[in-house]
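# Observations on the model geometry
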Amino acid sequence: MKNEQTKQTERLYYNYACPEPFYAQILEVRAAANGTAHIILDKTIFYPEGGGQPADRGTVNGVALADVQEKGGEILHVVNDAGSIAALKPGAAELVLDSRRRRDITAQHTGQHLLSGTIFHMTGSNTVSMHLGEETCTIDIDAAEMSAALLLDVENAVADAIEKNLPIVTHLCPPENIAELPLRKFPPHGEDIIRVIEIAGLDFSPCCGTHFASTAEIGMLRILSAEKYKGMTRVTFIAGRRVLADSRLLRQNTALASRALSVPLGEIGKAVVEFLEKAAQSERRLKALEEVAAREKALALLAKAALLAKATPNGDAATPPIVVECYAEAGIAEILSIGKIAQKEAESRKETGAVFVLASARELKIAVFCTVKGFDLRPRIKPAFETNGGRGGGSPSFFQGSFAAKEALEAFLSEAANC
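Below is a short write-up of the structure. (Residues numbered from 1 in each chain as written. Predicted model: local features only at pLDDT ≥ 70, side-chain atom pairs only at ≥ 80, totals over all residues. Heavy atoms only, no water.)

## With respect to the layout of surface pockets
Note the threshold: Of the grid points, spaced at 1 Å and generated over the protein atoms alone, those admitting a 1.4 Å probe that cannot get out make up cavities, while open sets with protein on both sides within 12 Å along at least five of seven lines make up pockets; any residue with an atom within 4 Å of a point is treated as lining. Grid points are joined across faces, edges and corners, and a volume is the space filled by probe spheres set on the points. In this classification, the charged set is Asp, Glu, Lys and Arg, the nonpolar set is Ala, Val, Leu, Ile, Met, Phe, Trp, Tyr, Cys and Pro, and all remaining amino acids, among them Gly, are polar. Segments assigned H or I by DSSP are reported as helices when at least four residues long, segments assigned E as strands when at least two residues long, and all are numbered from the N terminus.
Its volume calculated, the largest pocket comes out at about 710 Å³. Along its surface, the largest pocket is lined by 29 residues, and Y14, P188, R195, C207 and C208 are the ones closest to its centre. Residue composition of the lining of the largest pocket, grouped by class: 13 nonpolar, nine polar and seven charged. Taken as a whole, the second largest pocket encloses approximately 340 Å³ of empty space. In terms of lining residues, the second largest pocket is bounded by 17 residues, among which R100, R103, D104, G240 and R241 are the most central. For the lining of the second largest pocket, the secondary-structure elements that each account for two or more residues are helix 2 (99-123) and helix 4 (241-261). Taken together, the residues of the lining of the second largest pocket sort by class into eight nonpolar, three polar and six charged.

## Some points on the sheet that holds strand 20 (residues 391-395)
Sheet strands line up and pair through hydrogen bonds in the backbone, either parallel or antiparallel. The condition that has to hold: At least two bridges found by DSSP between two strands is the condition for calling them paired. Comment: axis = line fitted to C-alpha atoms, over the contacting stretch for helices; angle = value between 0 and 180 degrees taken between N-to-C directions. By definition in these notes, contact holds between two residues if any of their heavy atoms fall within 4.5 Å.
Spatial strand order, 17-18-19-21-20: five strands in an open sheet with mixed pairing. Single-partner strands in this sheet number two, and they are strand 17 (322-327) and strand 20. Strand-to-strand, the axes of this sheet are offset by a mean angle of 10°, without reference to chain direction. Where strand 17 and strand 18 (residues 355-360) come together, six bridges link them in parallel fashion. Directly across from V324, in strand 18, lies its bridge partner V357. Along the sheet face, helix 6 (residues 332-349) touches strand 17, strand 18, strand 19 (365-370) and strand 21 (398-402) and points at about 10° away from the line of strand 19. Running over the sheet, helix 8 (residues 406-416) touches strand 17, strand 18 and strand 19 and is turned about 165° from strand 18.

## So, the side chain of S214
The cut-off we apply is this: Each polar contact in these results corresponds to two N or O atoms within 3.5 Å; when the atoms are within protein, one needs to be able to donate a hydrogen and the other to accept it, and residues that are neighboring in sequence are counted only if both atoms are side-chain atoms.
Checked against the element boundaries, S214 lands in the loop between strand 14 (203-206) and strand 15 (221-229). Looking at S214, its side chain comes within polar contact range of the side chain of N165, at 2.8 Å. The residues contacting S214, other than those within four sequence positions of it, are N165, L166, P167 and I168.

## What to know about a nonpolar patch on the surface
What counts, and what does not: Patch membership requires more than 30% relative accessible area and the absence of a salt bridge. Residues of like charge join within 9 Å; the nonpolar side chains Val, Leu, Ile, Met, Phe, Trp and Tyr join within 5 Å. A 1.4 Å probe and the Shrake-Rupley method give the accessible areas. Residues count as covered only by the protein chains that appear here. Put simply, a salt bridge is a Lys or Arg side-chain nitrogen that is within 4 Å of an Asp or Glu carboxyl oxygen.
Taken together, the side chains of V272, F275 and L276 present a nonpolar region at the surface, about 280 Å² in accessible area. Tracing the backbone through its elements, the reader meets V272 in helix 5 (residues 268-311).

## Some details on unusual backbone geometry
The phi dihedral of N34 is positive, around 55°, even though this residue is not glycine. Relative to the assigned elements, N34 resides in the loop between strand 2 (22-31) and strand 3 (37-41).

## Observations regarding the side chain of T138
Condition: We call a residue buried when its accessible area falls under 20% of the maximum for its residue type, exposed when it is over 50%, and partly exposed in between, using a 1.4 Å probe and counting protein chains only.
Looking at where T138 falls in the secondary structure, it is placed in strand 11 (residues 137-141). Taking the relative accessible area as the measure of exposure, T138 reaches 15% and is therefore buried. If near-sequence neighbours (up to four positions away) are discounted, T138 is found in contact with S129, M130, H131, R234, V235, T236 and F237.

## Some words on empty space enclosed by the protein
Under the counting rule described, the total for this entry stands at one cavity of 30 Å³ or more. Within this model, the largest cavity holds a volume of roughly 40 Å³. Contributing to the lining of the largest cavity are P54, I105, Q108, L132, G133, E134 and R242. Residue classes in the lining of the largest cavity are distributed as three nonpolar, two polar and two charged.

Following this line, the structure appears as structure tokens:
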């Protein structure tokens, strides 16, 4: 049953980041929407989402937390495992923090402060917004452009600050004293106490998130990219062990490329450019050869049409000959090219018109072209097409479709040849 009184939870997450169990009391378990439940604890080691930082994860009495949110002054520990919710009840609770995830997020958040403070210190440009993602993080800087050289200088300055092991101090300030600090951004309104994070000599910023005690704990920070975004510059970065994971992935991929191209790691860029240039040349030659081959096949179709016209000397435009051709390996794209060339050649030569029924045995698709002006091919083709389960449609001079099975395509081609 829901208690209408707001229940305060003692917040211990700023000073608790280890994987060992912590013991607290479940004050209440509330049913929530979509089969979820909200657990209210007397004490918590789980950080609720806020200040741009994602919520912690972990377990309460072995039940996994799906989220942690703060609403109306209460900290709600969200559980969505319907099978385990029934086992949760007021009383003793064992809390286990996902400390690896906490450390990762803390590295990103502390790294963001250091990066934003360094950019502000070097350029005077401030961070307007930030996002800590599960894979990468971003900050939006109020600068229309940041050069690659500047970003490299910033990255090196951040690395210097990490190596110097600068202390990170948390100040708990009453609002009336906040003006004494050189803040990088405006503090929140309506707070009794404002939490300010100081990186010695680099940054003062109000923030409610979790942070390390020194810059050295960040380990490393890497700027991945920068792009223009709504008149600002969006900088994407990673910090902590994400840099190590990224380095491993890059090393694995470059090693594969090195072996494939038979060049040392340091020459991969040049080798890739040369490979792409050769591939582009080969593609151009292949395209030219394909065009020649398509033209030869189109001319062969016209020759067949001419033979069929001679075989039926009494035929007229009302019953043009039908040329059926099934290609074993060609796809529908190649077949369309062949048909268009045949159509164009027939018109330019003013030869006897024909209907060309072209099929791809591999893709079970057809394309039908007519070179007789004013002749509607559909009444002649559609009965056989529909009888064999074909799906598609078209205009009087062009028709396209597909079949579900090889046998259906073959049956249609056989019938089409005798239409």
